[in-house]
Amino acid sequence: MDRGGTSAAEPVAEETLLRLYANGDSGAARELVGRLGPRAYSVALRVLGNRAEAEDVTQEAMLRLWRIAPEWQSGQAKVSTWLYRVVMNLCLDLRRRRQTLDLDDIPEPEDDKPEAMDRLLHVARVDALQDALMRLPVRQRQAVVLRHIEELSNPEIAGIMEIGVEAVESLTARGKRALTAVLADRKDELGY
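Residues numbered from 1 in each chain as written. Predicted model: local features only at pLDDT ≥ 70, side-chain atom pairs only at ≥ 80, totals over all residues. Heavy atoms only, no water.

Draft legend 1. Geometry of the pattern of salt bridges. Tallied over the full model, the rule gives eight salt bridges. When the shortest N-O distance is used, the salt bridge between R39 and E150 registers 3.1 Å. You can see R39 sitting in helix α2 (residues 26–48) and its partner E150 sitting in the loop between α6 (138–149) and α7 (154–161), a full 111 residues away along the chain. Between E156 and K78 there is a salt bridge whose closest N-O contact spans 2.9 Å. Residue E156 is found in helix α7, and its partner K78 is found in the loop between α3 (51–68) and α4 (79–97); the two are separated by 78 residues along the sequence. The exposure class of E156 is partly exposed, given its relative accessible area of 22%. (Salt bridge = Lys/Arg side-chain N within 4 Å of Asp/Glu carboxyl O. Helix = DSSP H or I, 4+ residues; strand = E, 2+ residues; numbered from the N terminus. Buried < 20%, exposed > 50% of the residue type's maximum accessible area, 1.4 Å probe, protein only.)

Spelled out as structure tokens, the structure:
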């Protein structure tokens, strides 16, 4: 697809796609959802620890992006940075309201296929990380997820969380130390 004079090999900038969507290009919307949706969902899932809630947050964040598209100001922020900020704010709002146990927290029944042990170990590692992340204070969890799972730069995280780069560095360092301490007793069990 050739949009805005770029070659097929060059990806179209998110801001350009948002502008195209605002002008009625539904293909641009699909492309933005394909790029930003999975990452927004991943962040929401890591922060909330609940698939259904992460899906809801992702949908709401994307809806807000569509609503803001006609008024988008070039050069203010990257589209992805804006979306991450919205996702984080929605996660915080949801965490404040949440008070019930979810069915998603109940473990799946064991699979007895030959490769089941490998899958179980992988699931145990993912669950252990998620459990450890959920023990962190919210701001540390956000910083760790954005830095070490989403691999964003400290300045990007600072923009998303609306704090200084030094604060990001402090939050991620403390979060990493806390995760290491929480997971230290499980190294053998998790195969590390």
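Draft legend 2. The arrangement of α7 in detail. Of the positions making up α7, those classed as buried are N154, I157, A158, I160 and M161. Buried residues along α7 cover an arc of 165 degrees about the axis, so they all sit on one side. In this fold, the buried residues of α7 make contact with α4, α6 and α8 (165–183). Backbone geometry just downstream of α7 places E162 in the positive-phi region, at approximately 60 degrees. (Arc of directions from axis to C-beta. Contact = heavy atoms within 4.5 Å.)

Draft legend 3. Structural detail: the environment of Q140. The residue Q140 is located in helix α6 in this model. Among the residues examined, Q140 registers a relative accessible area of 10% and is labelled buried. A C-alpha to C-alpha distance of 8.7 Å links Q140 and A173, two positions 33 residues apart in sequence. In contact with Q140, other than residues within four places in its own chain, are L171, R174, G175 and A178.

Draft legend 4. Inspection of the side chain of N50 at higher detail. Mapped onto the fold, N50 is located in the loop between α2 and α3. Assessed through its relative accessible area of 2%, N50 is described here as buried.

Draft legend 5. Spatial organisation of unusual backbone geometry. Of note in the backbone geometry, E151 takes a positive phi value of approximately 60 degrees without being a glycine. Mapping E151 onto the fold places it in the loop between α6 and α7. On the basis of relative accessibility, which here comes to 64%, the residue E151 falls in the exposed class. Despite not being glycine, E162 shows a phi value in the positive range, around 60 degrees. With respect to the helices and strands, E162 occurs in the loop between α7 and α8. The exposure class of E162 is exposed, given its relative accessible area of 58%.

Draft legend 6. Quick look at the nonpolar core. Grouped together as the largest cluster of nonpolar side chains are 45 residues, with contacts concentrated most on L18, V43, V57, L65, L83, V87 and L146. Of all the secondary structure elements, the ones that give two or more residues to this core are α1 (14–22), α2, α3, α4, α5 (116–135), α6, α7 and α8. Ranked by the residues each element gives to this core, the list is headed by α4, at ten residues. Contacts of L83, omitting those with residues within four sequence positions, involve L36, A40, A61 and M62. (Core = buried A, V, L, I, M, F, W, Y, C linked by side-chain atoms within 4.5 Å.)

Draft legend 7. Expanded view of the environment of S170. Along the chain, the position of S170 falls in helix α8. Sequence separation between S170 and Q140 is 30 residues, and the spatial gap between their C-alpha atoms is 8.8 Å.

Draft legend 8. Representation of the packing of α4 against α6 within the structure. Where α4 meets α6, the axes come as close as 12 Å, and the angle between the chain directions of the two elements is 145 degrees. For the element pair α4 and α6, the recorded crossing hand is right-handed. Within the contact between the two elements, α4 uses Y84, M88, L92 and R95 and α6 uses V138, R141, Q142 and L146. Per-class residue counts for the contact of α4 with α6 are five nonpolar, one polar and two charged. (Axes fitted to C-alpha atoms, helices over the stretch in contact; angles between N-to-C directions. Left-handed = near helix turned anticlockwise from the far one by under 90°. Nonpolar A, V, L, I, M, F, W, Y, C, P; charged D, E, K, R; others polar.)

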